[in-house]
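The primary structure of each chain is shown beneath.
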Amino acid sequence: MSTHPQHAVTADPDVERFAAIDDLVWFDDMGWEEVVSHARAVPHRWAVTAAGGDDGSPYRGIAGAFEMELTVPGAPGAEPTQLPVSGLTWVGVHPDHRRTGVLTTLMDAHLSWCREQGLALAALHASDVTIYGRFGYAVASTAGEISLGHGATFDAPGVSTEGITTSMHDLSDEHVLARVHAAHRALAAGRVGSVTRTLELATRVYTDPASRLRGTERRRVVIAARDGRDVGYAILRRRPKWEDGRSAATLDCDEWAWADSAAQLALARRLTSVDLVTRTSVRVTADDALLWWCGGPRTVVHKTGDELWLRVLDLPAALPARGWSADCDVVLEVRDGLFEDQAGRWRVTARDGRAEVTRTDDPADLGLDVGVLGATYLGGRRLAALARQGLVEVHDPAALRALDTALATPTLPVPPVSF
Ligand SMILES: CC(C)(COP(=O)(O)OP(=O)(O)OC[C@H]1O[C@@H](n2cnc3c(N)ncnc32)[C@H](O)[C@@H]1OP(=O)(O)O)[C@@H](O)C(=O)NCCC(=O)NCCS
């Protein structure tokens, strides 16, 4: 990766100076003590200083990373697999040092460190779509926010919620948080696209100090249970509003997960029947059952966005780590502008749900940037669609069809929790 001679990176930054850059870049309404406390809880931190030595002036840029597990497709008939990934976060560049290569220096530090740790993948949420493609990241999952009216009816033939109970709790109660965290870990393991987070991060994300409520109540959670087991949860906040003497309150669900369709339906019914709430927003994938239970996409306000971005860092380890839907035998010519050892020709042979990846000198069937592998890794984007976009050079159309089918998954990846 190109290094910028005027910058140096420290992997042991001073927490207060690290926090100061976050405070400056994100101009949030978090109090200073809280920013510092959050910064301290980021397990891996990097900061950029002047190359000549740290003179104590403000850091030029910062980045952090969480340790997470990403749920990736399993082989047909098998459970999904969880892989360790590094979740990049806390990226910020001092306004006086923008566009001088600070981010590039941080990305070099983070991605190289990930490879030293033996990680096959890195992940992030992006604040802007233009930033991370140049570093080999690509959007691997998308989701839409839909808005449902109070008392929305769901036509879900064949899905029975009998035996499921739902209950609403205050998420600032530590026992509730621990229960939701346990449900998060258990449900994430079965839902491709999920990332897990630690209880400490969950506590920080979901317990809101009064200063950060921005006109909403503090977070609550609806838990769905069956036979004494938690089978779903939905984290929510209501925003009170009165118009002409009537409530026009709204409810936002920023995270929900379920074990099966019945649990999702029970949660959806509960979220759309909360007293005084006129509209409820939840996030769904394009193939979500809820979109059809409520009458089809045209019946809901639908806003789609990118969710998880993925970067393949160890190609011969990453591709065999996921399940494959069909057999294939194709040669890829991979371009990787940052890690030359991943570039070049690879033979990908999938048999009975598992793949092997080996170096080859055989002519390439398909040519692509490493980002295409991240985009298709979770089954959230189809290789054939990326080829239509012009992102795959197709020397053999049969190879494109075979690899497209082999990478496809029965369901789209779910949106990950925020980190
Ligand atoms: C986005 C941000 C991190 C970029 O940092 P930076 O140090 O200016 O980036 P670099 O100088 O390393 O730029 C690398 C390349 O990316 C481009 N680039 C970086 N950010 C870009 C943006 N937002 N839009 C378009 N291009 C961008 C640069 O032009 C440069 O291109 P080049 O190599 O062709 O010259 C910085 O502007 C920032 O802190 N923004 C606010 C916080 C934020 O959005 N953080 C990201 C959190 S996900």
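Numbering of residues starts from 1 in every chain and runs along the sequence as written. Totals for whole chains, interfaces and linings use every residue, but because this is a predicted model, local features are given only for residues with pLDDT of at least 70 and side-chain atom pairs only at 80 or more, for both listing and counting. By convention in this description, side-chain values take in all heavy atoms of the structure and omit both hydrogens and water.

Caption draft 1: Region of interest: helix 11 (residues 397–407). Among all positions of helix 11, only Ala399, Leu400, Leu403, Asp404, Ala406 and Leu407 are buried. Down the axis, helix 11 shows its buried residues gathered within 165° of arc, on one side only. Where helix 11 is buried, its residues contact strand 17 (328–335), strand 20 (366–369), helix 9 (370–376), helix 10 (383–388) and strand 21 (392–394). Here a polar contact is recorded for every N or O atom pair within 3.5 Å, except that within protein the pair must consist of a potential hydrogen donor and a potential acceptor, and residues adjacent in sequence are included only if both atoms are side-chain atoms. Starting at the N terminus, helices and strands are each numbered in turn, a helix being any DSSP run of H or I of at least four residues and a strand any DSSP run of E of at least two. Its side-chain oxygen at 2.9 Å from the backbone nitrogen of Ala398, Asp396 defines the N-terminal cap of helix 11. The buried label applies to any residue whose accessible area, calculated with a 1.4 Å probe on protein chains only, is under 20% of its type's maximum; exposed applies above 50%, and partly exposed to all values in between. Taken from the helix axis, the directions to the C-beta atoms give the arc we talk about. What makes two residues a contact is simply this: any of their non-hydrogen atoms within 4.5 Å.

Caption draft 2: Quick peek at the site of the ligand. We call a residue near a molecule or strand when any one of its heavy atoms sits within 4 Å of it. Taken together, 19 residues sit near the ligand, with Val93, Arg99, Gly101, Thr104 and Ser127 positioned nearest. Between the ligand and the protein, one listed contact pairs a nitrogen atom with a backbone N or O atom of Val91 at 3.1 Å. In this description, accessible areas are obtained by the Shrake-Rupley approach with a 1.4 Å probe, and a residue is regarded as covered only by the protein chains that are shown. With the chains in place, 70% of the 890 Å² that the ligand exposes on its own is no longer accessible. Within the residue set of the shell around the ligand, elements represented by two or more residues are helix 1 (15–26), strand 4 (81–93) and helix 3 (102–116).

Caption draft 3: Focus on the pattern of salt bridges. Basic side-chain nitrogens of Lys or Arg form a salt bridge, by our definition, when they fall within 4 Å of a carboxyl oxygen of Asp or Glu. One pass over the structure, following the stated rule, counts 22 salt bridges. Note that Arg238 is salt-bridged to Glu217, the shortest N-O span being 2.7 Å. Placement of the pair is Arg238 in strand 10 (residues 229–239) and Glu217 in the loop between helix 5 (199–206) and strand 9 (220–226), with a sequence separation of 21 residues. Across the salt bridge formed by Arg335 and Glu393, the nearest N and O atoms sit 2.9 Å from each other. Placement of Arg335 in strand 17 and of Glu393 in strand 21 is noted, with a sequence separation of 58 residues between them. One salt-bridge network, held together by shared partners, links Asp28, Asp29 and Arg214.

Caption draft 4: View of the environment of His181. Examined against the element boundaries, His181 turns out to sit in helix 4 (residues 174–188). His181 gets classed as buried once you look at its relative accessible area, which sits at 14%. His181 sits 21 residues away from Ala202 along the chain, and the two C-alpha atoms are 7.3 Å apart. When sequence neighbours within four positions are dropped, the list of residues in contact with His181 reads Arg197, Thr198, Leu199 and Ala202.

Caption draft 5: Structural detail: the sheet that holds strand 18 (residues 344–351). Read from one edge to the other, the open sheet built from five strands follows the order 19-18-17-20-21, with strand pairing classed as mixed. Strand pairing shows two members of the sheet lacking a second neighbour, strand 19 (354–359) and strand 21, which therefore form its edges. Sheet twist, expressed as the mean angle between neighbouring strand axes with direction ignored, is 25°. Strands qualify as paired when DSSP identifies two bridges or more between them. Pairing geometry for strand 20 and strand 21, over three bridges, is antiparallel. Its bridge partner lying in strand 21, Gly367 is registered against Glu393. Each of strand 17, strand 20 and strand 21 is contacted by helix 11, which is oriented at about 100° to strand 17, the strand it contacts most. Axis lines are fitted to C-alpha atoms, over the contacting stretch for helices. Their N-to-C directions set the angle, which ranges from 0 to 180 degrees.

Caption draft 6: Local environment of the packing of helix 4 against helix 5. Following both chains from N to C, one finds helix 4 and helix 5 inclined at 120°, their axes separated by 10 Å at the closest point. For the element pair helix 4 / helix 5, the angle class is oblique. Once helix 4 is placed against helix 5, the crossing between them reads as right-handed. Side by side, helix 4 and helix 5 meet where Leu177, Ala178 and His181 of the first sit next to Leu199, Ala202, Thr203 and Tyr206 of the second. Here roughly perpendicular refers to angles of 65 to 115 degrees, roughly parallel to angles under 35, roughly antiparallel to angles over 145, and oblique to all remaining angles. Each crossing gets its hand from how the near helix is turned against the far one by less than a right angle, where anticlockwise is left-handed and clockwise is right-handed.

Caption draft 7: Seen up close, the side chain of Thr216. The topology assignment puts Thr216 in the loop between helix 5 and strand 9. Within the structure, the side chain of Thr216 is placed 2.8 Å from the backbone oxygen of Leu213, a separation counted as a polar contact. Once residues lying within four places of it in the same chain are set aside, the contact partners of Thr216 are Arg237, Arg238, Arg239 and Pro240.

Caption draft 8: Region of the structure containing the sheet that holds strand 10. With mixed pairing, the seven strands of this open sheet are ordered in space as 8-9-10-13-14-7-15. Two strands close off the open sheet at either side, each with one partner strand: strand 8 (164–170) and strand 15 (301–306). Within the sheet, the average angular offset between the axes of one strand and its neighbour, ignoring direction, is 25°.

Purely spatial values, then, with no claim about function.
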